Amino acid sequence: MLSTIRFFEHEGSTALELRLNLDETTPKAPYTGKPRGHKPKVKEVE
């Protein structure tokens, strides 16, 4: 991600503009870790 900072005049005072460029993003890899949350209860059948 690239960012650009630019000064400009707004109503008589100097202001800043921050522009984010999302051109070169890579897709996020899927989560492959442990499943979250409680373990399901095991029901025993007699």
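In what follows, the accompanying structure is described.

Structural notes on the packing of aromatic side chains
Under the criterion given, the structure shown has zero aromatic pairs. A cation over a ring is seen here: Arg36 above Tyr31, with NZ or CZ 5.4 Å from the ring centre.

So, a nonpolar patch on the surface
A cluster of nonpolar side chains, namely Ile5, Phe7, Leu16, Leu18, Leu20 and Leu22, defines an oily patch on the protein surface of about 700 Å² accessible area. Elements with a contribution of two residues or more to the nonpolar patch: β1 (2-10) and β2 (13-21). Ranked by residues supplied to the nonpolar patch, first place goes to β2 with three residues. Tracing the backbone shows Leu20 in strand β2.

Things to note about unusual backbone geometry
In this structure, Glu11 is a non-glycine residue whose phi angle is positive, near 50 degrees. Of note, Glu11 is situated in the loop between β1 and β2.

Side note on the pairing of β1
Walk down a regular strand and you will see the side chains alternate between the two sheet faces. Across nine bridges, the pairing between β1 and β2 is antiparallel. When the sheet's bridge partners are listed, Ile5 is paired in β2 with Leu18. Hairpin connection of β1 to β2: two residues between the antiparallel strands, including Glu11 at a positive phi of 50 degrees.

What counts and what doesn't
Residues numbered from 1 in each chain as written. Predicted model: local features only at pLDDT ≥ 70, side-chain atom pairs only at ≥ 80, totals over all residues. Heavy atoms only, no water. Phe/Tyr/Trp six-rings, centres within 6.5 Å; stacked < 30°, edge-to-face > 60°. Lys NZ or Arg CZ within 6 Å of the ring centre and 35° of its normal. Patch = residues over 30% accessible without salt bridge, like charges linked within 9 Å, V, L, I, M, F, W, Y side chains within 5 Å. Areas by Shrake-Rupley, 256 points an atom, 1.4 Å probe, with all protein chains shown as cover. Salt bridge = Lys/Arg side-chain N within 4 Å of Asp/Glu carboxyl O. Helix = DSSP H or I, 4+ residues; strand = E, 2+ residues; numbered from the N terminus. Pairing = 2+ DSSP bridges.

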